[in-house]
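Summary of the model geometry
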Amino acid sequence: MIHILFLIFGFLAGSFANVCILRLPKNEDVFLKRSACQHCSKQIEWYLNIPIFSYLYLSGKSKCCGKELSKQYPIIELSTGILFLINSLLFNLIQSITLDLIFFVVLLIIVIDFKERVIFDFMNYFLILSGIIVSIIMPDLNPLNISTLNAMITGIIGFSLFFALRYLFQKKRNVEALGMGDVYLIAGLGVWLGFEKFLYILSISSFLGIFYYLLVGKKEENFEIPYGSALGISFILIFYFTKII
Ligand SMILES: [Zn+2]
């Protein structure tokens, strides 16, 4: 029963994630503004704003002007629901609530970096601070149970490594291979993972990045790998694999 609650809560969180993904890059308010149609800007009635169900009920078309609704809505709602459900199945109650919150932020980073090639500083700071605070106050909240020393050292190593890479590429090749967003992000994820898993995230994310480049990037000129997205996906996978394997 509790798992169904987590699934539904995940759908609702996913609905809010959609709002954040659309509005944060445009610097718009995510709490107060009512949702409006992407095509004709008409306000959307509450009963047409129910995650997943409204999309199915409307068969993917807006009610006001009959235009196609972005598939992003149901995909994000469903993904968040599934993440929250898996968390509740794999981890104990307080751990799964903690991971819901962390994965929610990581999901925003994944999608916003993928769509806009931007990573917001405040999300990175949130990951760094929350990881350190949890390691001090209640390390059990993190299923990987990382000590404060481990968290701090891994964060610093991640930051220094990526900062050095960024600097070298800029100096030698005059390209921005890694943005400052990636540098802070690896620190934030490292704080939650600890040093051992930090090595995993480096290899899995590089693999994903190269794979994506070969798949789509090769054909485009000036293609930028959304490396923040690759890091975020690897981060979530590591938590699941650690528990399952
Ligand atoms: Zn409309």
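The structure presented is a predicted model; accordingly, all values stated were derived computationally and were not measured. (Residues numbered from 1 in each chain as written. Predicted model: local features only at pLDDT ≥ 70, side-chain atom pairs only at ≥ 80, totals over all residues.)

Points about the overall build of the protein chain
To keep things clear, this is the line we draw: Runs of H or I in DSSP of at least four residues are treated as helices and runs of E of at least two as strands, each being numbered from the N terminus. A residue pair is marked as a contact if its C-beta atoms, positioned from the backbone, fall within 7 Å.
Looking only at helices and strands, the protein chain features eight helices and zero strands. Its helices and strands taken in sequence order, the protein chain reads α-α-α-α-α-α-α-α from the N to the C terminus. Along the longest, intermediate and shortest principal axes, the C-alpha atoms of the protein chain span 50 × 50 × 35 Å. Taking all contacts inside the protein chain whose residues are at least 6 apart in sequence as the whole, residues at least 24 apart take part in 68%.

Comments concerning the domain arrangement of the protein chain
Put simply, the test is: Residue ranges assigned to each domain were obtained from an automatic or database domain assignment.
Examined at the domain level, the protein chain breaks down into domain 1 (1-90) and domain 2 (119-245). Each of domain 1 and domain 2 has a C-alpha centre, and the two are 27 Å apart.

So, helix 8 (residues 227-244)
Think of an α-helix as 3.6 residues a turn; residues three or four steps apart then line up on the same face. Convention followed: Here a helix's expected span is defined as the number of its residues, less one, multiplied by 1.5 Å. To sort residues by exposure, count the other C-beta atoms lying within 10 Å of each residue's C-beta; 20 or more gives buried, 12 or fewer gives exposed, and values between give partly exposed, all with C-beta atoms placed from the backbone.
In a regular helix each residue adds 1.5 Å, so 18 residues correspond to 26 Å; helix 8 covers 26 Å between its end C-alpha atoms and thus fits that length. Residues of helix 8 that are buried include every one of Y227, G228, S229, A230, L231, G232, S234, F235, I238 and F239, and no others. Buried-residue contacts for helix 8 involve helix 4 (93-116) and helix 7 (180-215).

A closer look at unusual backbone geometry
Of note in this structure, N27 is not a glycine but carries a positive phi near 65°. Within the secondary structure, N27 sits in the loop between helix 1 (2-23) and helix 2 (53-57). The exposure class assigned to N27 is exposed, which follows from the 6 C-beta atoms found within 10 Å. Residue S59 is not a glycine yet carries a positive backbone phi of 40°. The topology assignment puts S59 in the loop between helix 2 and helix 3 (72-90).

Things to note about helix 3
A rise of 1.5 Å per residue sets the reference length of helix 3, with its 19 residues, at 27 Å; its end C-alpha atoms lie 27 Å apart and thus fit the reference within 8%. Turning to helix 3, its buried residues are Y73, P74, I76, E77, T80, G81, L83, F84, L85, I86, N87 and S88. Packed against the buried residues of helix 3 are helix 1, helix 2, helix 4 and helix 8.

So, the environment of F198
Of note, F198 is situated in helix 7. Discounting residues that sit within four places of it in the chain, F198 has contacts with T154, G158, G190 and L193.

Things to note about the nonpolar core
To be explicit about the condition: A set of buried Ala, Val, Leu, Ile, Met, Phe, Trp, Tyr and Cys residues, joined to one another through C-beta atoms within 7 Å, is what we call a nonpolar core.
Within the largest apolar cluster, 51 residues are counted, with the highest numbers of intra-cluster contacts made by V106, L108, I109, L189 and L231. At twelve residues, helix 7 tops the list of elements feeding residues into this core. Domain assignment of the residues forming this core places at least three in each of domain 1 (1-90) and domain 2 (119-245).

Some words on the environment of F53
If you trace the backbone, F53 turns up in helix 2. C-alpha of F53 to C-alpha of F239: the two residues are 186 residues apart in sequence and 30 Å apart in space.

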